[in-house]
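These are the residues of each chain, in order.
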Amino acid sequence: MSGKITKEEREEMEIMFQKIDLDNNGYISKHELHDLLKDAGHPLPGYKVRDILQKLDRNHDNRISFDEFLSIVNELRGSKIEKTFRKAINRKEGILAIGGMSEQSSEGTQHSFSEEERFAFVNWINSALERDPDCNHVLPMDPNNNSLFTSVGDGIVLCKMINLSVPDTIDERTITKKNKLSVFKEQENLNLALNSASAIGCHVVNIGASDLREGKPHLVLGLLWQIIKIGLFADIELSRNEALAALLRDGETLEDLMKLSPEELLLRWANFHLENAGQPKINNFSTDIKDSKAYFHLLNQISPKGIEEDEPRIDICMAGINEKDDLKRAEAMLQQADRLGCRQFVTPNDVVSANPKLNLAFVANLFNKYPALTRPENLDIDWGSVEGETREERTFRNWMNSLGVNPHVNHLFGDLQDAIIILQLYEQIKVPVDWENKVNKPPYPKLGGYMKKLENCNYSIQLGHQTGFSLVGIGGEDLRDGNPTLTLALVWQLMRRYTLNVQEDLGDGSKVNDSIIVKWVNKTLAEAGKSSKISSFKDKVISSSMAVLELIDAIQPNCIDYDLIKTGSLSEEDKLENAKYAISMARKIGARVYALPEDLVEVKSKMVMTVFACLMGRGMKRC
């Protein structure tokens, strides 16, 4: 390694990596690296590409992970190869390079962004928010220029898009909606958007309100993609769409199907319809769909056939499949998608160039509008086993994803069974992990894979004991087997330590604990002349959210509109309205709160603690 890679360079490398990884599987294969070097003007014979792989491929799986990719780029840094290497990447999908986008950027740093993504996201936002009067001052945006990057500067569009992806995440009453806002009000809206995005699982660690107000393209597009993707994937889950059970293969159980990621389910869904059409299966939404033929057959299978009297009939015209030119064929296919109201995210060029991100979004939108699946009734299926994740599980999963763990956590217990995510969380709480000598990395062998994962789980329990966690009765096998209760016990302690680390070593050097937070809360409330007081995080008085709201007002005076707060004898609905306002206001003043309004109403002590701890951090100017 020729030097330490900066945070800004790593962000750029992540974008570059995604552009090379055509099949979007998280790795660069030998042929993808070979093609890139050829495009960069440095073609290498196959044996030399293999030599590079052998040198950088630490786990010997004949492919390059993101960390290994960083090693390649760093090794080439400053060389002529590196400059042409970047140019080749930027040519792949119309990537535009923006120099010096960050004040911390090293001289000459290039932050790349895709014109195709900008075009797709602008059209999606224009369509989604066209009837929202609060966005009239910036919509419709022009997809052919950079208006997107200035239109998100006041935070309103971002807040609206978050609520479209996960309804009711943000209390609309907390969004400042005037057409022309002061810098301070823009900052508040952007804080609200960023902290709410984090709460739904977006990775926003390296994004600040000032980045969005300045319209830094790579950061704006990165955040928007996460928000849009969460919304597109929301219903691609068995507990929310039991018809997905139609995708079961012989010998599989519902549990097997529930372990699949949304991307894997989408691919299986597409292949289900292609198989019914007598067509070959596809392996990805990039190179395998670039001729548009699979899309033609998919559209023909899912279009409404008009079986019911009140159901419209839409016959897909297949004539365009015989077009000789790939771009003309793609355009003919998209014209048919338009008849279904699904011409979103991709242009003919995006299909032909095999843009994996935008094609994934295109297919997800097709699924959401026309799944064309029927829940199987003739199979021996235990439907009682199909349970959605609990509120607590969702909060933990979103917290993990907001920290940028890799791989993305889709199913809490299944995705933690090899402890790779848990070990990354230890690093987040400043516990060193010996990745080289103590951790087995995927992919795992078919024979002995269980033991490799178990060794990781045992190591994570060992680290927990060294950290001082209470792990009585919890062993590595409990994590490996996906035991919900015991896995959550460890995850909660990781989240608790992460939350408390924000304010560690305050005052006289003592570690922050529950009693210190309660004492600070009451002292802050009293000094601000507020009447609220709490005895603990289990205090039933918290259910009205008044203590939280008055604490927010004590931290940032005059920010709470007391006319919006329900008082007196409160119904459960009244309490929930107060809690929604309180959670959103906490995020608006800069506290990164993961808890949900229901946690306050029900006085869930664990989540209540995190709310007050984050507000304490904000009040101490440390959050």
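Model, not experiment: these values are computed from the prediction. (Residues numbered from 1 in each chain as written. Predicted model: local features only at pLDDT ≥ 70, side-chain atom pairs only at ≥ 80, totals over all residues. Heavy atoms only, no water.)

A. Layout of the overall build of the chain. When its secondary structure is counted, the chain shows 29 helices and two strands. Here the chain holds 623 residues, and the buried ones make up 54% of them. Summing over all exposed atoms, the chain offers an accessible surface of approximately 28500 Å²; the carbon and sulfur share of this is 48%. (Helix = DSSP H or I, 4+ residues; strand = E, 2+ residues; numbered from the N terminus. Buried < 20%, exposed > 50% of the residue type's maximum accessible area, 1.4 Å probe, protein only. Areas by Shrake-Rupley, 256 points an atom, 1.4 Å probe, with all protein chains shown as cover.)

B. Inspection of the side chain of Arg268 at higher detail. Its place among the elements puts Arg268 in helix H13 (residues 262–276). Setting aside residues up to four positions removed in sequence, Arg268 forms contacts with Leu247, Leu248, Arg249, Glu252, Leu257 and Leu260. (Contact = heavy atoms within 4.5 Å.)

C. Summary view of the side chain of Thr524. Tracing the sequence through the fold places Thr524 in helix H25 (residues 514–527). When its relative accessible area of 14% is taken as the criterion, Thr524 is described as buried. Of the polar contacts made by the side chain of Thr524, one reaches the backbone oxygen of Trp520; its length is 2.8 Å. Contact partners of Thr524, with chain neighbours within four places excluded, come to Leu551 and Ala554. (Polar contact = N/O pair within 3.5 Å; in protein donor to acceptor, adjacent residues only side chain to side chain.)

D. Quick peek at the packing of aromatic side chains. Within this structure, the stated rule accounts for seven aromatic pairs. With centroids separated by 5.3 Å and ring planes inclined at 90 degrees, the aromatic side chains of Trp269 and Phe367 adopt a geometry described as edge-to-face. Residue Trp269 is found in helix H13, and its partner Phe367 is found in helix H17 (residues 356–369); the two are separated by 98 residues along the sequence. Ring plane angle 70 degrees and centroid distance 5.0 Å describe the contact between Tyr295 and Phe362, whose orientation is recorded as edge-to-face. (Phe/Tyr/Trp six-rings, centres within 6.5 Å; stacked < 30°, edge-to-face > 60°.)

E. Highlighting the environment of Gln187. Mapping Gln187 onto the fold places it in helix H9 (residues 183–199). With 21 residues separating them in the primary sequence, Gln187 and Gly208 have C-alpha atoms 9.7 Å apart. If we ignore the near neighbours within four places in the chain, the residues touching Gln187 are Ala209 and Arg213.

F. Focus on unusual backbone geometry. Residue Leu139 is joined to Pro140 through a cis peptide bond whose omega torsion reads 0 degrees. Mapping Pro140 onto the fold places it in the loop between helix H6 (115–129) and helix H7 (147–151). Cis geometry is adopted by the peptide bond preceding Pro443, which originates at Pro442 and carries an omega value of 0 degrees. One non-glycine residue, Lys430, lies in positive phi territory at about 70 degrees.

G. Looking closely at the packing of helix H26 (residues 546–555) against helix H27 (residues 572–588). Two numbers describe how H26 lies on H27: the axes approach to 9 Å, and their chain directions differ by 30 degrees. Here H27 runs roughly parallel to H26, going by the angle between their axes. Relative to H27, the crossing made by H26 is left-handed. Taking contact as the criterion, the partners of Val548, Leu549 and Ile552 in H26 are, on H27, Asn578, Tyr581, Ala582, Met585 and Ala586. Class assignment for the residues of the contact of H26 with H27 results in seven nonpolar, one polar and no charged. (Axes fitted to C-alpha atoms, helices over the stretch in contact; angles between N-to-C directions. Parallel < 35°, antiparallel > 145°, perpendicular 65-115°, else oblique. Left-handed = near helix turned anticlockwise from the far one by under 90°. Nonpolar A, V, L, I, M, F, W, Y, C, P; charged D, E, K, R; others polar.)

H. View of the pattern of salt bridges. Per the counting criterion, the structure on display carries 30 salt bridges. A salt bridge links Glu172 to Lys160, with the shortest nitrogen-to-oxygen separation between them at 2.9 Å. Here Lys160 lies in helix H8 (residues 156–165) and Glu172 lies in the loop between H8 and H9, a separation of twelve residues in the sequence. Classification of Glu172 by relative accessible area gives partly exposed; the value is 30%. (Salt bridge = Lys/Arg side-chain N within 4 Å of Asp/Glu carboxyl O.)

I. Local environment of the confidence of the model for the chain. Per-residue confidence for the chain averages 87 on the pLDDT scale, and 81% of its residues sit at or above 70. Residue range residues 91–95 is modelled with pLDDT below 50. Its contacts to residues more than four positions away, or to other chains, number 21 contacts. In this model residues 99–110 is a low-confidence stretch, pLDDT under 50, and it forms 22 contacts with partners more than four residues away in sequence or in other chains. (pLDDT = per-residue confidence, 0-100.)

J. Inspection of helix H14 (residues 293–302) at higher detail. Taking burial as the measure, the ten residues of H14 include seven buried ones, the bulk of the element. Residues of H14 that are buried: Ala294, Tyr295, Phe296, His297, Leu298, Leu299 and Ile302. Here the buried face of H14 lies against H13, helix H15 (326–339), helix H16 (348–352) and H17.

K. Representation of the environment of Leu490. Structurally, the position occupied by Leu490 is in helix H24 (residues 484–501). Of the residues examined, Leu490 reaches a relative accessible area of 0% and is grouped as buried. Leu490 sits 20 residues away from Ser470 along the chain, and the two C-alpha atoms are 8.3 Å apart.

L. Here's a closer look at H17. Spanning 14 residues, H17 covers 20 Å between terminal C-alpha atoms, matching the ideal 20 Å at 1.5 Å per step. Burial analysis of H17 places twelve of its 14 residues in the buried class, the great majority of the element. Here H17 has its buried residues at Pro356, Lys357, Leu358, Asn359, Leu360, Ala361, Phe362, Val363, Ala364, Asn365, Leu366 and Phe367. Of the residues that open H17, the one with a side-chain oxygen 3.2 Å from the backbone nitrogen of Lys357 is Asn355. (Expected span 1.5 Å × (residues − 1).)

M. Seen up close, the nonpolar core. Counting 93 residues, the largest nonpolar core has Ile125, Leu148, Leu158, Leu223, Leu266, Trp269 and Phe362 as its most contacted members. Among the elements that line this core, the one with the most residues is helix H11 (residues 217–233), at ten residues. (Core = buried A, V, L, I, M, F, W, Y, C linked by side-chain atoms within 4.5 Å.)

N. Spotlight on the environment of Asn271. With respect to the secondary-structure elements, Asn271 resides in helix H13. Sequence-wise, Asn271 and Ile282 are eleven residues apart; in three dimensions their C-alpha atoms are separated by 6.6 Å. Contact partners of Asn271, with chain neighbours within four places excluded, come to Lys281 and Ile282.

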